[in-house]
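Per-entry structural report
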Amino acid sequence: MTNYARRLGLFSGTMAVVGGIIGGGIFRTPATVAERLGTPGGVLFAWVLGGAVALIGAFCWGELGQRRPRAGGGYVYLRETFGPLSAFLYGWTLVLIIATGAIAAVAVTFADYTLALVGLPQRFSVPLAVAAIVFLAAINYVGVRPAAITQNIFTVLKLTALAALIAAGLVLAAPSLPTVGPSGRPAAGLGAALVPILFTYGGWQQTNFIAEEIIEPERNLPRALVLGVTIVVTVYLLTNLAYLRVLGHAGLAASTAPAADTMKAVLGPAGGKIIAAGIALSTFGFLNLVILVTPRVLQAMAADGVFFRRFAILHPATFAVALTLTGTFGQLVDYVTFGDWIFFGLTAAALFIYRKRDQSPISGFRVPAYPATVIIFVLAAAYVVFSSIVSNPRNAAIGAGLIGLGVPAFLYWRSRP
């Protein structure tokens, strides 16, 4: 069994939530959202709606963390409610594919923007990505405190970069002429737009992986989740307002790099450099967070005897480096991304079982307006999964097959002495 020292306070927990959500998505997905919705008001409404779902998710994980402040987060909750197979499949999908694929993909994104910023050729992208993974893995290997300090610094820096983008768009820029972007059926557009929005808001759940390293987790973990998600929702809404004010709706819908286009329109070439630095900082901070929290799931699996105990000491960065070198991470992430929201829905539904089992008087943090809020979140997760399957059934089938490979792996581990 692994013992953890409680060294992370409310600020570090909140920065972990913010850093786990804000990666590279907010710098590009708003264009997709604007393309799928016909009016600026529709765009902002969709981001508010997605933010409400994310906040409900924070409430759900806040209560789960308050009930079971254990390292491993969702793995622990699923094991205690839906059984060891569901927990193993979650860990299998997260550690071997989703988290390591995310590490590899984000590391390459960081490398690409960093090289563009300093004027070096793109052939150095993979070596720099590998170096970033190894460097951050080394920091995390030293201990959670240095990793948390690194996370706090880069989260503050990425928020500063976004604040510069917001200030440029809302304070320095003249408003664009009113425009109307691509129209269509509003209901269908809203549904299609919510998928990239909910993906962009995802990531708050990673802080629960390190619950045992948070000081007074029963109190600080729920507060960090709600505070962190609230900060992100506010930043995302202001960022979209800045995009719409500078580019207009049609300009945002047509943009392939809305953050860069906004900054260049306001500050010229210098603005492009500023936002490139901001994206590099944002991806580096996200990379550090994923490398920090993912091993806790491995360690929880090893403690249950369903994974290599020796491997629990090693780092999933090893897999991420291999994926980076082979270039296969993109395909893997595409195949199993919908699986992330399958487990989101299942994990939130675990609250129904916990509540039914626990007949003692309610104390501590609880989800507001239960059970309606939990039902809303589960339905939202089901919608993302359904939309992912409809949009690309082939990738969904391959992803389901990759997740299904965890079943014989689980049976193998259970048969061992």
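A brief look at the structure comes next. (Residues numbered from 1 in each chain as written. Predicted model: local features only at pLDDT ≥ 70, side-chain atom pairs only at ≥ 80, totals over all residues. Heavy atoms only, no water.)

Across the nine residues that make up helix H12 (residues 295–303), a large majority, eight, are buried. Among all positions of H12, only Pro-295, Arg-296, Val-297, Leu-298, Gln-299, Ala-300, Met-301 and Ala-302 are buried. Looking one or two residues beyond H12, the residue adopting positive phi is Gly-305, at roughly 75°. (Buried < 20%, exposed > 50% of the residue type's maximum accessible area, 1.4 Å probe, protein only. Helix = DSSP H or I, 4+ residues; strand = E, 2+ residues; numbered from the N terminus.)

Core analysis: the largest hydrophobic core is formed by 128 residues, its most contacted members being Trp-61, Tyr-75, Trp-204, Trp-341 and Phe-377. Looking at this core, the element that brings in the most residues is helix H5 (residues 84–118), giving 18 residues. Here Trp-61 is in contact with Tyr-77, Trp-204, Gln-205, Asn-208, Leu-225, Phe-344, Thr-347, Ala-348 and Phe-377, once residues within four sequence places are set aside. (Core = buried A, V, L, I, M, F, W, Y, C linked by side-chain atoms within 4.5 Å. Contact = heavy atoms within 4.5 Å.)

There is a patch of nonpolar side chains on the surface, built from Leu-170, Val-171, Leu-172, Leu-238, Leu-241, Leu-267 and Ile-274 and spanning about 580 Å² of accessible area. Of all the secondary structure elements, the ones that give two or more residues to the nonpolar patch are helix H7 (144–172) and helix H9 (217–254). The element contributing the most residues to the nonpolar patch is H7, with three residues. Its place among the elements puts Ile-274 in helix H11 (residues 269–293). A relative accessible area of 39% means that Ile-274 is categorised as partly exposed. (Patch = residues over 30% accessible without salt bridge, like charges linked within 9 Å, V, L, I, M, F, W, Y side chains within 5 Å. Areas by Shrake-Rupley, 256 points an atom, 1.4 Å probe, with all protein chains shown as cover. Salt bridge = Lys/Arg side-chain N within 4 Å of Asp/Glu carboxyl O.)

Next up on the list: the packing of helix H4 (residues 74–81) against H5. Describing two packed helices takes the angle between their axes plus the distance from one axis to the other. At a closest axis distance of 6 Å, the pairing of H4 and H5 adopts a crossing angle of 160°. When the axis of H4 is compared with that of H5, the two are roughly antiparallel. The chirality of how H4 crosses H5 is right-handed. Between H4, through Gly-74, Tyr-75, Leu-78 and Arg-79, and H5, the contact on the second element is made entirely by Pro-84, Ser-86, Ala-87, Phe-88 and Tyr-90. Looking at the contact of H4 with H5, its residues break down into six nonpolar, two polar and one charged. (Axes fitted to C-alpha atoms, helices over the stretch in contact; angles between N-to-C directions. Parallel < 35°, antiparallel > 145°, perpendicular 65-115°, else oblique. Left-handed = near helix turned anticlockwise from the far one by under 90°. Nonpolar A, V, L, I, M, F, W, Y, C, P; charged D, E, K, R; others polar.)

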